[in-house]
Structure formats: structure tokens, C-alpha cells
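A look at the structure
Take a look at the letters that make up each chain.
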Amino acid sequence: MTADSASSAPFRLIVSGGGTGGHTYPALTAVRALQRRLAAEGRAVEVLWIGTAQGLEARVAPAEGIAFTTVATGKIRRSSNPLKMLGPANVKDMARVPLGVAQARKKIAEFAPDVVLATGGYVAVPAGLAARMCKRPLVLHEQTVRLGLANRKLASSATYVAVSSESTLPLLPEAVRPVAVVTGNPVRPEVLTGHADKAIGTLGLTGFDRRLPTLYVTGGAQGAQQINHVVGDALEWLLERANVVHQCGPDNVASLGELAAALPPELAGRYHLTGFVGPELPDVLALADVVISRSGAGTLAELTALGKPAVFVPLASAAGNEQAHNARHLQAAGAALSLEGEVTADRLREAVGPLLSDPARRTAMADAARAHGRPDAADRLVDVILSAASG
């Protein structure tokens, strides 16, 4: 094959990772960025996504026109007790991994990718191990401050390990550091293009007082009972100081609606309760002056890219306590506040009050958050993928 024909041939990428949005959406955003980059050069991209039938990726990839296939894999249930790690469920699942590696090896050999991109989650392990066996370049991407379990298992096989934060580098095994690259965590480009006035119109926020700051409260698509409860307890106090958009999850609308119905009319007009925020999310984020949320890696990437002051309530049961580590990292830099342990209305008021009352404090935190944001993370990851292919 000549150099010209090689450069015009489709770029072939295998993606593996998923289970949750935290692993799935960064991969999808990187695929989109790679397609845009190479389309500008007149070159196509062919993608095969290896995932599980139960994971989010099984819906997302086909919806994006990406070929999707599954392999056997097993979820490792973590425990601080080594004996529990050897429980029947883990032993059964670990026994499935060799089958998954054999299946992934066959798929990689047939597809002959230029690069395999693994973004974490237990499904990435078989494909990552098979990439090494097939002598294909492997790029790992880690969304959180510390390497997740799957990426720790694969790091020694990787051509490059792309990480989302400078603070990850000293936490890596010494042997891995030479191949580590800080790219940031890819953020969907549409998140960065919101308009505050559009949110006012789309959501019908006619009772909002634009002289007051706007607080956006979110616990993720399903809502977070902990956040909903503490915001409900502090609701009148918050509405005396701010407009509030509260995405509470579909199951929590009724109970919080009862609270809203009892509010004084002037406060009720400043409160917008919704079960789910969809395509209007970029506009809601543009409107928000302060955000209260969980501290998953995707949320942090979006809020820092936008430079949004935030009060995080980490999910205590997150794998490896990763949400707490994410939030502490930003709090140490003055880029957010983190509320861990028992979160009460008093603690929430103490944290968010100064941000709502002091524009200068909001600006300082916004600047610190923006300094940690990497809105170009997807393009940086594409650079790493293309470098791995040409190496």
C-alpha cells in the first residue's frame, strides 16, 4: 500500500468502555471529534464499539450509527475485605473474563483497528487485554482523579494513558508515567453553547427575579434523595436569596411539588421544579450562577469547562470513593466546595450562602474552576489517538 492510499483509507477505531454515562459519553465525544477531524482531511472513520448488552453503551452507540458488539465480561464487586472479594459472585464473574478476552481477540483480529480506545468500566478489560495480544495500539482514558480498577489492570499494556487532571500524574505507577498524557475529560460541545435567556423562555421562568443569582440543583437523571431532601429543608431560605431550578428526578416531583405548593407566592415564582432536564441543559447551565450537584467526573468536566461555582455533595457509594476525591481536588484549589458525611440544611446554608450573597466570591470560584477546565479535551484525546496510530 502506498503512502497516499494509506492516508486515504478509513481510520479504524475500536472503542470499549461503558456501563455508565461516565465511561460512555467521553468515548462518544472523542469519536465525534475524531470524525470531524478526519472528515476535514477527506478521510472516513470506521468504528466498532465493544460493550455489554446491559450497559448504556448498548443504546448510545447504535443511536449514533456506531456498529456495536458484545463480549463476555464480569463485574468485580469491590470490598475492603479481601475474603469478600473472593465471594461466589466475583469468582463467577472473573471466570467469564478469559472467554471475553478470546471473543474480543477474534473481533480485533477481524476488524484490524488502527487504535483501540478504552474508557474504563469492567467491559473494557477484555478488549484492552486482547489489544495487547493482537499488537494493536491501546489508548486508555481515565475520567477521575485516580485510575479506575479497569484502567489500573490495563495500564501496563497501554501505548498511552490519557488522564483528566494533572493531579493524577503523581498517583500513577512509575512505570506508567512516561506514557501518561493530560488531555482532560471530553465534554459534549453542545454543553458549551447555552444561552441564559433561552432557558428563561423555554422553561417559562417568568417569575424569576433576574436581579438575584440563579441556583441550579441536580442529582443526575434519576435525582439524588440526599440532595433533594436537604434542598427541600432549606428551600424557603434559598428562595429568599436566589432563583432555583431544581432537577429532582421523576420519582421525586410529587413530594417536592407539595413543598412548592406551600411556598409564599413571591417565592414560588422563583422555583422551577422538574423531574428531568434534557436538551435545554446547556441553557440551564448558562443561566446558573451556582450549581449544587453530585461530583461525578462528567459533571466536573462540564462545570469546570464552563467556569461554574459549585457545591458538591459526593455520592458516598461511588466506586473507589471517586466522587469524594474529585470534589476534594477542586475544593483544595478553591474551585468548588465539597460537603461530605451527614449533609444537613444548616451545612448547606453555610456553604452556599456566601456564594449567593457575594458576587466577588462567585467570580473568584468561577475563575478557579475555569482554570481546571479543559473544553478542548476531546481534541486533545484525538491527538493522542492519532499519535498512537502513527507510532
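Structural data are supplied above this passage.
Now for a look at the structure at hand. Computed from a prediction, not measured in an experiment: that's the story for all the values here.

Further remarks concern the environment of T202. Residue position: T202 is located in helix 9 (residues 196-203). Taking the C-alpha atoms as reference, T202 lies 9.0 Å from D283; in sequence the two are 81 residues apart.

Pairing within the open sheet is parallel, and its seven strands lie in the order 3-2-1-4-5-6-7. Of all strands in the sheet, those with a lone pairing partner are strand 3 (67-70) and strand 7 (180-182), marking the two edges. The average angle at which neighbouring strand axes cross in this sheet is 25°, direction not considered. When strand 2 (residues 45-51) meets strand 3, the two strands line up parallel, connected through four bridges. Across the sheet, L48 pairs through a bridge with A67, a residue of strand 3. Relative to strand 1 (residues 11-16), helix 6 (residues 97-111) is tilted by about 165°, and along the sheet it contacts strand 1, strand 2, strand 3 and strand 4 (115-118).

Moving on, we come to the side chain of S293. On the secondary structure map, S293 appears in strand 11 (residues 290-293). Here S293 falls in the buried class, since its relative accessible area comes to 2%. What S293 contacts, discounting residues up to four positions off in sequence, is T218, I227, T299, L303, V311, F312 and V313.

Moving on: the environment of T168. On the secondary structure map, T168 appears in the loop between strand 6 (160-163) and strand 7. In this structure, the C-alpha to C-alpha distance between T168 and V179, residues eleven residues apart in sequence, is 13 Å. Filtering out sequence-adjacent residues up to four positions away, T168 remains in contact with T144, V145 and V163.

Here the focus is the layout of surface pockets. In this structure, the second largest pocket spans a volume of roughly 330 Å³. If you go around the second largest pocket, you meet 20 residues; those closest to its centre are S164, S165, T304, H329 and H372. Put simply, the parts of the chain that give the lining of the second largest pocket at least two residues each are helix 15 (297-306), helix 16 (322-332) and helix 18 (359-372). At four residues, helix 15 tops the list of elements feeding residues into the lining of the second largest pocket. Considered class by class, the residues forming the lining of the second largest pocket number seven nonpolar, eleven polar and two charged.

What follows covers helix 7 (residues 124-133). An α-helix turns once per 3.6 residues; consequently, residues spaced three or four apart project the same way. Counted residue by residue, helix 7 has eight buried out of ten residues, so it is predominantly covered. Inspection of helix 7 places A124, V125, P126, A127, G128, L129, A130 and A131 among the buried residues, and these make up the whole buried set. On the buried face of helix 7, the contacting elements are strand 1, strand 2, helix 6, strand 4, strand 5 (138-142) and helix 8 (149-154). Where helix 7 terminates, the next one or two residues include K135, which has phi positive at roughly 55°.

Moving on to the pairing of strand 1. Most of strand 1 sits out of view: five of its six residues are buried. Pairing of strand 1 with strand 2, which is carried by six bridges, proceeds in the parallel orientation. Paired with R12 across the strands is E46, a residue of strand 2. In this view, the connection linking strand 1 to its parallel neighbour strand 2 by way of helix 2 (residues 21-39) has right-handed handedness. Two strands pair when backbone bridges link them, and strand 1 and strand 4 are joined in this way by four bridges, in the parallel orientation. Bridge pairing in strand 4 links V15 to L117.

Criteria and thresholds
- Residues numbered from 1 in each chain as written.
- Predicted model: local features only at pLDDT ≥ 70, side-chain atom pairs only at ≥ 80, totals over all residues.
- Heavy atoms only, no water.
- Helix = DSSP H or I, 4+ residues; strand = E, 2+ residues; numbered from the N terminus.
- Pairing = 2+ DSSP bridges.
- Axes fitted to C-alpha atoms, helices over the stretch in contact; angles between N-to-C directions.
- Contact = heavy atoms within 4.5 Å.
- Buried < 20%, exposed > 50% of the residue type's maximum accessible area, 1.4 Å probe, protein only.
- 1 Å grid on protein atoms, 1.4 Å probe; cavity = no way out; pocket = protein on both sides within 12 Å on 5 of 7 lines; lining within 4 Å.
- Points joined across faces, edges and corners; volume = space filled by probe spheres on them.
- Nonpolar A, V, L, I, M, F, W, Y, C, P; charged D, E, K, R; others polar.
- Right-handed = clockwise from strand over helix to strand, strands pointing away.

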